[in-house]
Amino acid sequence: MKNLPSAITLCEVGLRDGLQNEKTLIPTEKKVELLRGLIAAGFPVIEVGSFMHPKAVPQMADTDQVFQAIGEVPGVELRALIPNLRGVKRAADCGCKKVKLNVSASRQHNLKNLNMTPEESVAGFADCVQAAADNGIAISGSISMPFASPWEGRIPVSDIESIIEAYLKVGITEISLSDTSGMGAPAPVYELCAHVKEKYPQASWWLHFHNTRGLAMANILAAMEAGMTRFDGSFGGLGGCPFVPDAAGNISTEDVINMCDESGIRTGVDILKVMELSRTMRELLGHNLDSYVLRAGRAQDLIV
Ligand code: ZN
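Just so it is clear, the model here is predicted, and its values are computed rather than measured.

Draft legend 1. How the structure looks around the packing of aromatic side chains. Under the definition given, this model contains 3 aromatic pairs. With 6.0 Å between their ring centres and 20 degrees between their planes, F147 and F209 make a pair best called stacked. Of this pair, F147 sits in the loop between β5 (138–144) and β6 (148–149) while F209 sits in strand β9 (residues 204–209), and the two are 62 residues apart along the sequence. Residue class for F147 comes out buried when judged on its relative accessible area of 5%. Since its relative accessible area comes to 1%, F209 is described here as buried.

So, in structure tokens, the structure goes:
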């Protein structure tokens, strides 16, 4: 195949995006154990948790303790999702060195929930950027539903451009395009990725796909063809779609690694270690997970 990268960077988001959708609360020491396992598997970036209000997301209430227990790990970026300035303060207090903000690309969603346009939300992040800088914390931003939202359908490219420009204006240049509703499809993903990559060369990009409609892997390949090389995944395919009950979660990380291993794309992550952690998680949660490789084994696991 033409235009595929020789290597990609994977961020494991299962402990955050995956677990936040699970009712079974995982004890802090188990989370720390799983995090150590993910580090040992070779992930260069891991989303450890979030600093949302504990009442809003009870599963993430102990993110501070998880960061404190693990400390700094050389060569591995441990990040947390934050809602606002309070999140930067919690990050500073527990030793978290990388935070990520989020805004919805859906105007209706943003106006309904926050009474602000997405651009106004992003402009309000300026104080987070300042506080992060003051505390030696790196900061990134994500745009959820950039391809389409359940309220408006397709989002106009000009809307995405103006959100990206709002991020750049407050000094955030690392931006994640997060298909939270799983409405992306290969052609529009390719178009948007190729467009923003060319138009905003000063930005660096992450892609985050939910497998809500079975298109996450195809979307990753489309984004790769457009030159994108940073992708989120969730071990075991843990997680869900916040707007569609019973929908599939994030793309399973081991499925992505299997695809990369079979296609000569380096990830630096040991798939067997990830699969072992997915089995552990399956036991902890007491239900099956959405991972093809976990069910069928790797392509290279021949029958003997
Ligand atoms: Zn997500």
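Draft legend 2. Spatial organisation of the pattern of salt bridges. Considering all chains together, one arrives at 15 salt bridges under this definition. Salt-bridge contacts for E47 lead to K100; the nearest nitrogen and oxygen are separated by 3.0 Å. Of the two residues, E47 is situated in strand β2 (residues 45–50) and K100 in strand β4 (residues 98–104); the sequence distance between them amounts to 53 residues. Assigned by exposure class, E47 and K100 land together as buried. Of the charged contacts, one joins D64 and R90 as a salt bridge, the two residues approaching to 2.8 Å between their closest N and O atoms. On the criterion of sequence distance, the pair formed by D64 in helix α3 (residues 63–70) and R90 in helix α4 (residues 85–94) is long-range, its members being 26 residues apart. Each member of the pair, D64 together with R90, is buried.

Draft legend 3. Seen up close, the packing of α3 against α4. Close contact between α3 and α4 brings their axes to 9 Å; oriented N to C, the two are set at 30 degrees. Viewed along their axes, α3 and α4 adopt a mutual orientation that is roughly parallel. The handedness of the crossing between α3 and α4 is right-handed. Contact residues: α3 offers D64, F67 and Q68, while α4 offers R90, D93 and C94. Tallied by class, the residues present in the contact of α3 with α4 amount to 2 nonpolar, 1 polar and 3 charged.

Draft legend 4. Region of interest: the coordination of the zinc ion. Looking at the zinc ion, the protein donor atoms are D17 (OD), H208 (NE2) and H210 (NE2), and they sit 1.8 to 2.1 Å from it. The sequence pattern formed by the donor residues of the zinc ion is D-x190-H-x1-H. In this pair, D17 sits in helix α1 (residues 14–18) while H208 sits in strand β9, placing the two residues 191 residues apart along the sequence.

Draft legend 5. Representation of the layout of surface pockets within the structure. Of the pockets and cavities examined, the largest pocket occupies roughly 960 Å³. Together, 36 residues line the largest pocket, and M52, L81, N102, H109 and S144 are the ones closest to its centre. Breaking the lining of the largest pocket down by element, the ones donating at least two residues are α1, β4, α5 (107–114) and β5. Broken down by class, the residue content of the lining of the largest pocket amounts to 15 nonpolar, 18 polar and 3 charged. A volume near 300 Å³ is recorded for the second largest pocket.

Draft legend 6. How the structure looks around empty space enclosed by the protein. Inspection of every chain in the model, using the stated rule, returns 1 cavity of 30 Å³ or more. Counted as a void, the largest cavity has a volume near 40 Å³. Lining the largest cavity are L15, K31, V48, G49, M60, D62, T63 and V66. Elements that contribute at least two residues to the lining of the largest cavity include exactly β2 and α3. Residues of the lining of the largest cavity, tallied by class, amount to 4 nonpolar, 2 polar and 2 charged.

Draft legend 7. Fine view of the nonpolar core. Of all hydrophobic cores here, the largest spans 90 residues; its most connected members are Y167 and M281. Not counting chain neighbours up to four residues away, the residues in contact with M281 comprise L15, L19, I26, L34, F235, L238 and L289.

About the cut-offs
- Residues numbered from 1 in each chain as written.
- Predicted model: local features only at pLDDT ≥ 70, side-chain atom pairs only at ≥ 80, totals over all residues.
- Heavy atoms only, no water.
- Phe/Tyr/Trp six-rings, centres within 6.5 Å; stacked < 30°, edge-to-face > 60°.
- Helix = DSSP H or I, 4+ residues; strand = E, 2+ residues; numbered from the N terminus.
- Buried < 20%, exposed > 50% of the residue type's maximum accessible area, 1.4 Å probe, protein only.
- Salt bridge = Lys/Arg side-chain N within 4 Å of Asp/Glu carboxyl O.
- Axes fitted to C-alpha atoms, helices over the stretch in contact; angles between N-to-C directions.
- Parallel < 35°, antiparallel > 145°, perpendicular 65-115°, else oblique.
- Left-handed = near helix turned anticlockwise from the far one by under 90°.
- Contact = heavy atoms within 4.5 Å.
- Nonpolar A, V, L, I, M, F, W, Y, C, P; charged D, E, K, R; others polar.
- Donors = N, O, S within 2.8 Å, 3.2 Å for Na, K, Ca; no water.
- 1 Å grid on protein atoms, 1.4 Å probe; cavity = no way out; pocket = protein on both sides within 12 Å on 5 of 7 lines; lining within 4 Å.
- Points joined across faces, edges and corners; volume = space filled by probe spheres on them.
- Core = buried A, V, L, I, M, F, W, Y, C linked by side-chain atoms within 4.5 Å.

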